[in-house]
Amino acid sequence: MSVPSESEMDRAMRKWKMLFEFLDLDGDGFLKLEEFMEFPTQLIKVGKVDLGSHLAKVYKSHWDKVCQAVNLPPGQQKIGGDLWIKGFHVVNQSKWFQSNFVPTMSKAFFDSMDKNGNNLISLEEWREHYNLMGANDEEFIRQSFAKMDENGDGEISREEFDHAFWSFSNYHGPDKDFSFLYNKFK
Ligand SMILES: [Ca+2]
Ligand SMILES: [Ca+2]
Ligand SMILES: [Ca+2]
């Protein structure tokens, strides 16, 4: 892996800052463990598929790894924004993140959206997911769907979704992709 240039680093930090601001539900500049865990909690709630305990476990491991990366003790309940962003960047580049966290999250998202279980996400299923997450911007729903549907067949395959999710999770991916998947549940 090549060492990122300064502009790539700036880009990564900007992207993680956006993510932090999204996750910091009460906007106090600190991320509490319970704020961090709110996202999988919401996802499990809206999803029909039982993926709860594994998802929560992987998510909690992510928290622990971020703490470890910035020398905070295990069991830390609250992290300041700058430290969390620093730790997130380290964890983001780890093998664990790529081979464990991202596939688990991607599968959790996909399974929770694929209501009819045909291994494809239709525009209707995507819209339903968004509505459940408290969003109803039709233009945004259509645009984000079209962006993920790489072969343009009107459905999102697991492969297409994995690709979109990886791009969103990686600092090389587009900046705007946080609203793309997480959007407005807060
Ligand atoms: Ca907070
Ligand atoms: Ca489906
Ligand atoms: Ca497709």
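Residues numbered from 1 in each chain as written. Chains lettered and ligands numbered in written order. Predicted model: local features only at pLDDT ≥ 70, side-chain atom pairs only at ≥ 80, totals over all residues.

**Q** Just to check I follow, could you spell out the overall build of the protein chain for this structure?
**A** When you go through the protein chain residue by residue, the secondary structure sums to 9 helices and 4 strands. Order of helices (α) and strands (β) in the protein chain, N terminus to C terminus: α-β-α-α-β-α-α-β-α-α-β-α-α. Residue pairs in contact within the protein chain that sit at least 24 positions apart in sequence constitute 59% of those at least 6 positions apart. (Helix = DSSP H or I, 4+ residues; strand = E, 2+ residues; numbered from the N terminus. Contact = placed C-beta atoms within 7 Å.)

**Q** What exactly am I supposed to notice about the packing of helix H5 (residues 95-113) against helix H8 (residues 158-169) here?
**A** Viewed as axis vectors pointing N to C, H5 and H8 meet at an angle of 125 degrees, and their least axial separation amounts to 10 Å. Relative to H8, the element H5 lies oblique. As H5 packs across H8, the resulting crossing turns out to be right-handed. Seen from H5, the contacting residues are Val102, Met105, Ser106, Phe109 and Phe110; seen from H8, they are Arg158, Phe161, Asp162, Phe165, Trp166 and Ser169. Taken together, the residues of the contact of H5 with H8 break down into 7 nonpolar, 2 polar and 2 charged. (Axes fitted to C-alpha atoms, helices over the stretch in contact; angles between N-to-C directions. Parallel < 35°, antiparallel > 145°, perpendicular 65-115°, else oblique. Left-handed = near helix turned anticlockwise from the far one by under 90°. Nonpolar A, V, L, I, M, F, W, Y, C, P; charged D, E, K, R; others polar.)

**Q** Just to check I follow, could you spell out unusual backbone geometry for this structure?
**A** If you check the backbone angles, Asn71 has positive phi at about 60 degrees while not being a glycine. Position of Asn71 among the secondary structure elements: in the loop between helix H3 (52-69) and strand E2 (78-80). On the neighbour-count criterion, Asn71 (8 C-beta atoms within 10 Å) is exposed. We note that Asn119 has phi near 65 degrees; this positive angle belongs to a residue other than glycine. (Buried ≥ 20, exposed ≤ 12 C-beta atoms within 10 Å, placed from the backbone.)

**Q** Would you take a moment to explain the nonpolar core for this structure?
**A** One recurring pattern in soluble globular proteins: nonpolar side chains tend to sit buried together. Core analysis: the biggest nonpolar cluster contains 16 residues, and Phe109, Ile121, Phe161 and Phe165 have the highest contact counts within it. Secondary structure elements with two or more residues in this core: H5, helix H6 (123-132) and H8. Residue contributions to this core peak at 5 residues, all from H5. If we skip the residues at most four places from it in the chain, Phe161 touches Ser106, Phe110, Ile121, Met148 and Ile156. Counting 11 residues, the second largest nonpolar core, distinct from the first, contains Leu31, Val66, Cys67 and Val91. (Core = buried A, V, L, I, M, F, W, Y, C linked by C-beta atoms within 7 Å.)

**Q** Looking at this structure, I do not really get the environment of Glu38. What am I missing?
**A** With respect to the helices, strands and loops of the structure, Glu38 is situated in helix H2 (residues 33-46). As a C-alpha pair, Glu38 and Ala56 span 18 residues in sequence and 9.9 Å in three-dimensional space.

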